[in-house]
Amino acid sequence: MNRIDPDFKEKLKPFGVGNWAECFHCGNCTATCPLTDESHLFPRKGIRWLQMGLKKKISRNLDPWMCYYCGDCSETCPRDANPGELMMTLRRYLISVYDWTGISRLFYKNKIWELGFIVIFALLIVSAFFIFLPPDPAIISNPGAFINAQGGVMINSLSTGLGNEQFLRIIETGDLIMAITVGLLLISNIFNMWYKVILSDPDTRVPLFTYVKEFWRLIIHFAVQPKLSKCDDKKYWLGHFLLMSGYTIMFILIVGLLPKFQVENIYPWYHWQRILGYYATFGILLFLVNVFIRRIRKNDIKLQFSHGSDWLFIILLFLTTVTGILIHILRLNGNPLATYYIYVAHLAILVPMIMVEVPFSKWSHLAYRPFAIYFSALKKATAEKAMKTSLATAI
Amino acid sequence: MRRTLTTGVYFSHTANNHSQSLDYKELCGYLQIVPEITKIWNSSENPPTDPEHFAEEIRKNNIERILIAGYRPGFIKPFFAKALQKAEKAAENIILADIFNGIPNGMPLNEWAKAKLICALSGIPFDISLLSEHNPAQSETLIIGGGIAGIQAALEIANSHHKVYLVEKTGTIGGHMAMFDKTFPTLDCAACILTPKMVEVSQHPYIELMSYSEVKSISGMPGNYRVEILKKARRVNVKTCTGCGTCAEKCPTSVKSEFDQGTSLRKAIYMPFPQAVPNKYLIDADSCRYVQTGKCGVCVKVCPVENCIDLDEKDQVVEVNAGNVIVATGFKPFEASRMEQYGYGKYPNVITSLEMERLVNAAGPTGGNIVLRSQDKKGNWIFDADSPQPKSLALIHCIGSRDENYNKYCSRVCCMYSLKLAHLIGEKIPEAEVFEYYIDMRAYGKGYEEFYKRIEEEGVHIIRGKTAKIDEKNNRLLLRTEDIENDRMLEQSVDMVVLAVGLEPGSDTDKISSMLGISRSDDGWFEESDALSNTNQTLSGGILLAGTCQGPKDIPDSVVQASAAASSVIQSIMQKGVPKSLASIPLEDIKQKAMELSAVNKD
């Protein structure tokens, strides 16, 4: 049963903006959307549920994830009700619903919490470095000792009293701990989503076979976002793809392949390690600069209403990328002390960013979107099967 | 004797697009002189949110009545009704003062506001306190616009034996109504109602019809206006032309017919439509070969009447005197190509409702045969009576109306005329499937809801949901709509789409507004002196409004308003007095008058 929560509109306010009370239900948004289909009629229905305060219905609904926000609905809305932004807001809300720890809700509701978390985490990393892995005093007296045969800084030898292999192992262990924590949180959140969307729905009993049969969707939609390319702006898809693939490559490089990525040698520019690094940096930076400009100019309807979490995400990613580039330049220039400090700063931004963004904030959509499409396909397949069975028995 | 109620005044600081801003502090100071006011709220919190807090203050100051002053104060009236109720006072004791409404150009806003506040506090409608100020009136009346409203007003005044100048800018009177096939909800033939009236106008001894003319300037004062009228050169003598049509047969130039909304062609020398009044030909200088190049003159050669066509005729200016002016300039249909998602102008079979009116009309370009547009030998898209008929049609409501991106208001007539067109299509092509896509069905008038039900029963598919876009696919039009009541997406292929375009203020509205000194409301229509109790007068003395120039309305309402305007005119002629323009009355006098009237009331 759906209970009405009259204050739901108020509760949704911290997650975004919108004039949804304006909606007079003409259906223009649903009909203009290139992604609506029989099983997902949005955004109008979502606005209806919101106006009625059907909180439970909204929190178990997958429609917001089907929207890739091209902004057509908001542009042509006869009431300026901004349905596109509502979908964005509901996605933020759903992220907080799936997150069983409640941290996500805290972050969305109050910027201080989020910022505080990031600052404290960054300070922890900085102090850990200065206590356990301080810079070698010899860097100042004899910088030449930290330069390799190619004239670059040997990045793993900068800490005092540690061999380079030992240093790398410590960093690698730290990386793994971060990845496992984030992974566990995210997986448990997806489990929560699965519970809310599939398990607690009495009408949907998905057979195991269907899970296997539809699994390809998860992979495809994670890897190349075919739905986003159906949204009218193909350039946006390309930009997003560059960002996403660049980010994924970087993540694999620093978590799984760190011993091969963070090496003492400076490889020639055409070495795969450098090519991949350059590709990722280019992809991320291109998208970021583009989004920065558009969010500031506000001439694109989908980037007009930036939530605090949107800004935080691009600022953190930008700082991470810039410090990463700086490390690279400083290493090539043979400047060991600056390399050390920037390296610490890089990690002090990177680690809290991943800890906050991936399980609790904007980035979790990398998992929720493909899973939503997967779950939706499961529901659809089950419903179709049930329909066939009931037809067969009827005959 | 009525007791004075203790009053609280609330200033509503609503944002509005008025150029002057109000000095609220000064107004608060001014209201100190009124003894019954015990509390003034002058807060920028708008709209107010906490009725409990106001109820508390109402109780504390023992307020029995509340005056809400500001821009459109009625919007927050329910809030104060609630607050009064909570304070256990009579909730109906709320008065409104719309300070920004109808202010004449150049009037200081604060002074204007004071007059309005005093009138409101005295319980005297603002325009009533103006009434007794009169200028002596001339008995002639000028009517601008010869549509149904102008015709109706002209006949009413002329039938009471007063002179009327009816100025019409096109070559015929009749306006938009002449283009319609049938009228809703009775499905009467529009021409059968209109044409006798048109003929009556042309033959009436008290009406001087000036077609193909425009008001050039207006001067003088209420009761005695001097009007300069530009009589554009018709180049055909109205007195001698017999309307035989030989000239048009031979004329070498064809252009799109305005009367047929471009669905047919007319010659450079033409009669707008067969029942035109005056039933005479005229020459369109913009397309006439002789006027443009100096070489042609075929019409002069073939004309059987001597000296009837004078290709070198020049525009003339005539001057008339008028005591009252009725503005009946009408509307223009919304330009459908502005909404690119519907492909008007891109897909040949997406047409507007007015084009459809011409297609269904037996006197229209196809003789009443609804056909698909086809290409002629030169590749132009035309309506050919022999082309195939559409087998499925869709009508989309609210094109350009009720839309924040275009016009916010409801155009009032589109729902009903769409239903009417759906019926007429069914009459002409019984096997056609007709779909109507609407947001809300506004069948608000006498017999209208019944008409809606009737059309629904006739088998028209009436679907709640606004079509969002039209694409062309396999030579058919594909409409995407959310079928809200059945909870599904609809992708409907049809042969022809009719866009129910809304009404917009006519293109001359701006010019006429500044010429006559009458204000326009936010959405561009001429502003009446009181939206409820005086919808045909303006705050400029002797200038009245009739028909759609004041706001979208249907034929019955236009006729009613025209008659009302005519009655105001006749009244002023009988009383030999025209109200002064508001701008010329000292505000002190208005306040004085309001207080006098209210004193009479109390006794």
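Residues numbered from 1 in each chain as written. Chains lettered and ligands numbered in written order. Predicted model: local features only at pLDDT ≥ 70, side-chain atom pairs only at ≥ 80, totals over all residues.

A. Structural context of the sheet that holds strand β24 (residues 433-438) of chain B. Residues and elements named next belong to chain B. Ordered by their spatial adjacency, 5 strands build an open sheet running β20-β29-β23-β24-β25, and the pairing between neighbours is parallel. Unpaired on one side and paired on the other, β20 (350-352) and β25 (461-464) mark the two borders of the sheet. On average, adjacent strands in this sheet sit at an angle of 20 degrees to one another, irrespective of strand direction. Sitting on the sheet, helix α11 (residues 414-428) touches β23 (392-399), β24 and β29 (496-501), and the angle it makes with β23 is about 170 degrees. (Pairing = 2+ DSSP bridges. Helix = DSSP H or I, 4+ residues; strand = E, 2+ residues; numbered from the N terminus. Axes fitted to C-alpha atoms, helices over the stretch in contact; angles between N-to-C directions. Contact = placed C-beta atoms within 7 Å.)

B. Main features of the environment of A:Trp216. One can find A:Trp216 in helix α13 (residues 215-224). Separated by 99 residues in sequence, A:Trp216 and A:Ile315 place their C-alpha atoms 34 Å apart.

C. Structural detail: the interface of chain A and chain B. The partner chain B presents 18 residues to the 17 residues of chain A that form the contact. Here the residues of the side of chain A that touches chain B are counted per class, giving 5 nonpolar, 7 polar and 5 charged. (Nonpolar A, V, L, I, M, F, W, Y, C, P; charged D, E, K, R; others polar.)

D. Structural detail: the sheet that holds strand β6 (residues 141-144) of chain B. Residue and element names in this part refer to chain B. Across the sheet, 5 strands lie side by side as β10-β7-β6-β18-β31; this open sheet has parallel pairing. Looking along the sheet, the strands with just one partner apiece sit at the ends: β10 (207-210) and β31 (543-545). Adjacent strand axes in the sheet meet at a mean angle of 20 degrees, parallel and antiparallel pairs treated alike. Pairing between β6 and strand β18 (residues 324-327): 4 bridges, direction parallel. Counterpart to Ile-143 in the pairing with β18 is Ile-326. Strand contacts of helix α5 (residues 148-159): β6, β7 (164-167), β10 and β18, with the helix running at about 170 degrees to β7, the strand carrying the most contacts.

E. Main features of the confidence of the model for chain A. With 99% of its residues at a pLDDT of 70 or more, chain A shows a mean pLDDT of 90. Across chain A, the element-wise mean pLDDT spans from 85 in helix α10 (residues 138-141) of chain A up to 95 in helix α2 (residues 28-32) of chain A. (pLDDT = per-residue confidence, 0-100.)

F. Spatial organisation of the domain arrangement of chain B. For chain B, the domain assignment lists domain 1 (7-133 + 585-602), domain 2 (141-231 + 315-330 + 506-581), domain 3 (233-313) and domain 4 (333-504). Each of domain 1 of chain B and domain 4 of chain B has a C-alpha centre, and the two are 46 Å apart. (Domains from an automatic or database assignment.)

G. Structural view of the environment of B:Lys301. Residues and elements named next belong to chain B. The residue Lys-301 is located in helix α9 (residues 298-302) in this model. Given 10 C-beta atoms within a 10 Å radius, Lys-301 is considered exposed. Here the alpha-carbon distance between Lys-301 and Cys-247, two residues 54 residues apart in the chain, equals 8.5 Å. (Buried ≥ 20, exposed ≤ 12 C-beta atoms within 10 Å, placed from the backbone.)

H. A look at the domain arrangement of chain A. All names here are of chain A. Taken domain by domain, chain A consists of domain 1 (8-98) and domain 2 (126-382). A separation of 29 Å is found between the C-alpha centroids of domain 1 and domain 2. Elements that contribute at least two residues to the side of domain 1 that touches domain 2 include exactly α6 (72-76) and α7 (83-98). In terms of residue count, the dominant contributor to the side of domain 1 that touches domain 2 is α7 (6 residues). The class makeup of the residues in the side of domain 1 that touches domain 2 is 10 nonpolar, 6 polar and 6 charged.

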